[in-house]
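Okay, here's what each chain looks like letter by letter:
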Amino acid sequence: MKKLLLSSIAFGFLLASCGSKSKGELVGAEGKKWYPEKPYGMELIPRGSFIMGKAEEDQAKVLNAPTKTVTVRSFYMDDTEITNSEYRQFVNWVRDSITRTQLAILADELGLSEEDGGIGEYAFKDADTTKSSVYDKYMLDNYAGMGETGYEGRALNTDIDLIWDTSEYPDEYYTEIMVDSIYLPQEESYNGQNTIDVTKLKYSYKWMDIEAAARSKAGRRKDFIRKEVVPIYPDTTVWIRDFEYSYNEPMHNDYFWHDAYSDYPVVGISWEQAQAFCNWRTKHKNDDQKARGRQFVNKFRLPTEAEWEYAARGGIEGGTYPWGGPYVISDTGCFMANFKPQRGDYAADAALYTVEAKSFEPNDFNLYNMAGNVAEWTNSSYDPNSYEYVSTMNPNAGAGANARKVIRGGSWKDVAYFLQVSTRDYEYADSARSYIGFRTVQDYMGEEDSTQ
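Q: Any chance you could explain the confidence of the model for the protein chain here in plain terms?
A: Low-confidence regions, as indicated by low pLDDT, have predicted coordinates that should not be scrutinised in detail. Per-residue pLDDT for the protein chain averages 88, and the proportion of residues at 70 or more is 90%. Taken as a whole, residues 11–17 scores under 50 in pLDDT and shows zero contacts with residues more than four places along the chain or in a different chain.

Q: Just checking my understanding: could you explain the pattern of salt bridges for this structure?
A: Opposite charge on two side chains lets them pair, provided their charged atoms get close. Applying the stated rule across the entire model yields 25 salt bridges. Linking lysine 125 and aspartate 159 is a salt bridge whose minimum nitrogen-to-oxygen distance equals 3.9 Å. Linking lysine 125 in the loop between helix H2 (84–110) and helix H3 (134–142) with aspartate 159 in the loop between H3 and helix H4 (172–182), this pair joins segments that are 34 residues apart in sequence. By relative accessible area, which is 43% here, lysine 125 ends up partly exposed. We note a salt bridge from aspartate 209 to arginine 226, for which the minimum N-O separation is 3.6 Å. Residue aspartate 209 is located in the loop between strand E5 (202–208) and helix H5 (210–215), and its partner arginine 226 is located in strand E6 (residues 225–231); the two are separated by 17 residues in the primary sequence. A residue is classified by how much of its surface remains accessible, and arginine 226, at 26% relative accessible area, is partly exposed.

Q: Sorry, what's going on with the sheet that holds strand E9 (residues 404–408) here?
A: Where strands meet in a sheet, backbone hydrogen bonds hold them as pairs that are either parallel or antiparallel. An order of E10-E9-E8-E11 is seen for the four strands of this open sheet, with the pairing classed as mixed. At either margin of the open sheet sits one strand with a lone partner, and together these are strand E10 (425–428) and strand E11 (436–437). Relative to E9, strand E8 (residues 375–381) is paired through three bridges, and the arrangement is antiparallel. Counterpart to serine 381 in the pairing with E9 is lysine 405.

Q: Honestly, the sheet that holds strand E1 (residues 42–45) in this entry has me stumped. Any pointers?
A: Taking strand neighbours across the sheet as the criterion, the four strands line up as E1-E4-E12-E7 in an open arrangement whose pairing is antiparallel. Every other strand in the sheet has two partners, leaving E1 and strand E7 (300–301) as the edge strands with one partner each. In terms of strand pairing, strand E4 (residues 75–78) meets strand E12 (residues 441–443) through three bridges, oriented antiparallel. Across the sheet, the residue bridging to phenylalanine 75 is aspartate 443, located in E12.

Here is what the cut-offs are and how they apply
Residues numbered from 1 in each chain as written. Predicted model: local features only at pLDDT ≥ 70, side-chain atom pairs only at ≥ 80, totals over all residues. Heavy atoms only, no water. pLDDT = per-residue confidence, 0-100. Contact = heavy atoms within 4.5 Å. Salt bridge = Lys/Arg side-chain N within 4 Å of Asp/Glu carboxyl O. Helix = DSSP H or I, 4+ residues; strand = E, 2+ residues; numbered from the N terminus. Buried < 20%, exposed > 50% of the residue type's maximum accessible area, 1.4 Å probe, protein only. Pairing = 2+ DSSP bridges.

Here you go:
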């Protein structure tokens, strides 16, 4: 009997060995091959080194640090500044999510589900647990609602469209949410318009402070998870507040929402709002990746100061401007960027304020408006001496306690000096201006396989 048992075990091992694909060799863990797509609207900036900083005289007395040779890794960068249309996609997503949440909460309080119609069609997906998986039921019973509202972790029903036409509201409960929770009160409306209360458009997200965690000698993972709640609607009042004794009301009224300006760079965005947009863009892409059963992409983020300058130079070493320079007028007598030439003649370059994001000629990395139009937020904190102590490999002065953040590129209201690729400037992270926008980057992790 014992001999028979040993024979069975040996036979089992033989079968296991025959069925092994590795044949006992070290071949690595199985995983999906990574064939990333080139991010839409982005250009690949190849790795390289350059002399970062200003070798010319510091005419504006902005305390530029001395030059330093640095190297940056490959990354993708948006070929234009983020436009009003692109940022409106973010705003609309937040608006719709908040609206769906309010509708789902009221439906839950009323005990309504999709079968009841009306507002019940917007009930949480787990309202009918007969359609839930074992995992979903477990998470609902043990982890849902562990937060401030009691509804955290519950999935919204996005299969049915929201109704914005007041004549088509399905029932009084839907009307209650739209009138009392989404739109401004009637006493704050005029000309018969229903206006979204933009102060309620807040984006909540969490992120992990990897640098703090890596440098810490104590603490658990949860100690380094940060939560942000950011009002994300652009500050349209910047068009008036930035310029005393100037008539800019049309820009305040129309610039962000009107289709005429859809392809213009978004402004009135603080550094904190730009960070929130980056988080949402990553989530938006990875939600689609998950739905298609594909591996997550790495995050979108603001460029470091070094990455921005390297990309702006377009591979031209020693160039004063993205096109080389040292002049801001082409051989044909046309201005090369949107800025304030000739001591305040804003219209000399054929633009009074901003221009469309794909205006003027791109640099040799195919990036538009790396000089002028709007200055751009970077991820780096501003320190006039930072070049002296940052690393020569992927340098970044990312001190979280420093509220001064580097902006680069100059804008439509700046003189040519601020358009130079090496000129530094800064603004406070919670500030928004009519002349500051941003573009995003994503770390390069390989090229797409065209045969797949």
